[in-house]
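Here is what each chain is made of, one letter per residue.
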Amino acid sequence: MGKGGSVRGDRAARGTTTPNPGASKAGISFHYDLGNEFFKLFLDRECCYSCAMYENESDSLETAQQRKLEYHIQQARAGGAARVLDIGCGWGALQKKLVAEHGVKLAVGLTLSENQAEWIRAMGLPGVEVRVESWSDHTPAAPYEAIISIGAFEHFARPSSRETRVRGYRDFFERCYSWLNPGGWMSLQSIGLGTVDRGVEGQFIAENIFPESDLPRLGEIADASEGIFEVVLVRNDRADYRRTNHEFLDRLRKNRDAAVKLVGEPTVRTFEKYFRVSAAGFSRGTTNLYRITFRRLAHPRFDIAL
């Protein structure tokens, strides 16, 4: 596994742990284990619960979500790979596409949601493996040729200082480096803080939607990956997430009666507010949507001061 393998080995020998491990299983379950039937009411057919990728006004949510998955597969150079890791795999849409359309032999997905894992296993797809575990606990059986993480990085640090967040993110990138074959690529998608600090809107989301999670800034991601990954491409597609949130909200409203029966009126109102608040933040630029392409460096530097 090259230089990176020794990094994880040294960490284990020192007995150190991730400085900021991010949201716990309980924190993730608070949101995602409301039930698969509830999320199906406002997501696309493949249950992609992250920012879609639009090109035309006529694009449906389904089309835009498939375009997003295709984009990350291409950016990670994952087509035809023997092993690909999907960190924060959701309901398995990316894994399904990797094995069914791109000739990937094994797509391993990590999630902390039991409901999502059960959904993926029920599909019974050859070449798809799902694990209920955090990236910080993951130990692969063999290296990966590509890594993709869509809409999970937001949960990789708890509310904390910039220094603590960056040290936690650094641990994530070091582990990804150690899991990748030499020359491997990684594609990452994450919401990030934009023009302002976390305010009342952010507090609402932290308390009611995603406890134990804290949004990164682009500079924190760059600092945490410096010296071990080359940042090849960065896109800020916040307008796409504004539109995606509006799509989620419209679909939830159309299925509101069914949603209330499943999770109750207060929860439905909370999600309606969440989608409105999120859309407004992406519209103003207080939050951004980053799609970042990384390449594993051949000659890394792990000693860079953060």
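Relevant structure appears above.
In short, a report on the structure. Chains are numbered independently. Their residues run from 1 in the order of the written sequence. Only residues with pLDDT of at least 70 get local features here, since the model is predicted, and only at 80 or more are side-chain atom pairs given and counted; chain-wide, interface and lining totals rely on the full set of residues. Values reported for side chains reflect all heavy atoms of the structure, with hydrogen atoms and water molecules removed beforehand.

### Brief notes about helix α10 (residues 238-254)
Since one α-helical turn is 3.6 residues long, residues separated by three or four positions face the same way.
In step 1: Every helix listed is a DSSP run of H or I at least four residues long, and every strand listed is a run of E at least two residues long, numbered separately from the N terminus. A helix is expected to span 1.5 Å for every residue after the first. In this model α10 runs 25 Å from its N-terminal to its C-terminal C-alpha over 17 residues, within 8% of the 24 Å that 1.5 Å per residue would give.
In step 2: Using a 1.4 Å probe on the protein chains alone, a residue whose accessible area is under 20% of its type maximum counts as buried, one over 50% counts as exposed, and one in between counts as partly exposed. For α10, every residue scored as buried is listed here: Asp240, Tyr241, Arg243, Thr244, Asn245, Glu247, Phe248, Leu249 and Leu252.
In step 3: Every residue pair with non-hydrogen atoms within 4.5 Å of one another is taken to be in contact. Turning to α10, the residues buried within the fold contact α3 (36-40), α4 (61-75), β5 (180-193), α11 (256-263), α12 (265-284) and β7 (287-296).

### Side note on empty space enclosed by the protein
A probe as big as a water molecule, rolled over the atoms, marks out the empty space that is left.
In step 1: Using protein atoms alone on a 1 Å grid, points that fit a 1.4 Å probe yet trap it form a cavity, whereas open point sets bounded by protein on both sides within 12 Å along at least five of seven lines form a pocket; residues with an atom within 4 Å of a point count as lining. Grid points are joined across faces, edges and corners, and a volume is the space filled by probe spheres set on the points. Summed over all chains, the structure comprises one cavity of 30 Å³ or more.
In step 2: What the largest cavity holds in volume is close to 460 Å³.
In step 3: The wall of the largest cavity is formed by 32 residues, among which Gly88, Cys89, Gly90, Ile150 and Ala152 lie closest to the centre.
In step 4: Counting only elements with at least two residues in the lining of the largest cavity, the list comes to α2 (25-32), α4, β1 (83-87), α5 (93-101) and β2 (106-111).

### Structural notes on the packing of α10 against α12
In step 1: Orientation is described by axes fitted as lines to C-alpha atoms, over the contacting stretch for helices, and by angles from 0 to 180 degrees between their N-to-C directions. Contact pair α10 / α12: the axes reach a minimum separation of 8 Å and the direction vectors enclose 160°. The angle between α10 and α12 falls in the class roughly antiparallel. In this structure, α10 meets α12 at a crossing whose hand is left-handed. Contact with α10, carried on its side by Arg238, Tyr241, Arg242, Asn245, His246, Phe248, Leu249, Leu252 and Arg253, involves Val268, Phe271, Glu272, Phe275, Arg276, Ser278, Ala279, Phe282, Ser283 and Arg284 of α12 and no other residues of that element. Angles below 35 degrees are treated as roughly parallel, those above 145 as roughly antiparallel, those between 65 and 115 as roughly perpendicular, and all remaining angles as oblique. In this scheme the handedness of a crossing depends on how the near helix is turned from the far one: anticlockwise by less than a right angle means left-handed, clockwise means right-handed.

### Quick notes on the sheet that holds strand β3 (residues 128-132)
Each strand in a sheet pairs with its neighbour through backbone hydrogen bonds, running either in the same direction (parallel) or in the opposite one (antiparallel).
In step 1: Pairing within the open sheet is mixed, and its seven strands lie in the order β3-β2-β1-β4-β5-β7-β6. The two strands at the open ends of the sheet, each matched to only one other strand, are β3 and β6 (229-236). Adjacent strand axes in the sheet meet at a mean angle of 15° when their direction is disregarded.
In step 2: Relative to β5, strand β4 (residues 144-150) runs parallel, the two being bridged by six bridges. Strands qualify as paired when DSSP identifies two bridges or more between them.

### A look at the environment of Gly88
In step 1: As for its placement among the helices and strands, Gly88 is situated in the loop between β1 and α5.
In step 2: Residues Gly88 and Ala152 lie 64 residues apart in sequence; the distance between their C-alpha atoms is 5.2 Å.
In step 3: Non-local contacts of Gly88, meaning those with residues more than four positions away in its chain, are made with Leu110, Ile150 and Ala152.

### Some details on the pairing of β3
In step 1: Pairing geometry for β2 and β3, over five bridges, is parallel. In the strand pairing of β3, Val108 is matched with Glu129.
In step 2: Think of it like this: strands point away, you trace from the first strand over the helix to the second, and a clockwise trace means the crossover is right-handed. Once the chain exits β2 it traverses helix α6 (residues 114-123) before rejoining the sheet at β3, and the crossover so formed is right-handed.

### Notes on the pattern of salt bridges
Pairing is possible between side chains of opposite charge, provided their charged atoms come close.
In step 1: Counted as salt bridges are all cases of a side-chain nitrogen of Lys or Arg within 4 Å of a carboxyl oxygen of Asp or Glu. One pass over the full model with this rule turns up 22 salt bridges.
In step 2: Among the ionic pairs, Asp223 bridges to Arg162, the shortest N-O distance being 2.7 Å. One end of the pair, Asp223, is in helix α9 (residues 218-225); the other, Arg162, is in helix α7 (residues 162-179), with 61 residues separating them in the sequence.
In step 3: Residue classification places Asp223 among the partly exposed residues on the basis of a relative accessible area of 28%.
In step 4: Judged by relative accessible area, Arg162 falls into the partly exposed class, the value being 41%.
In step 5: Residue Glu272 pairs with Arg256 through a salt bridge whose shortest N-O separation is 2.7 Å. Taken as a pair, Glu272 in helix α12 and Arg256 in helix α11 lie far apart in primary sequence, 16 residues in all.
In step 6: By sharing partners, the salt bridges in this structure join Arg235, Asp237, Asp240 and Arg291 into a single network.

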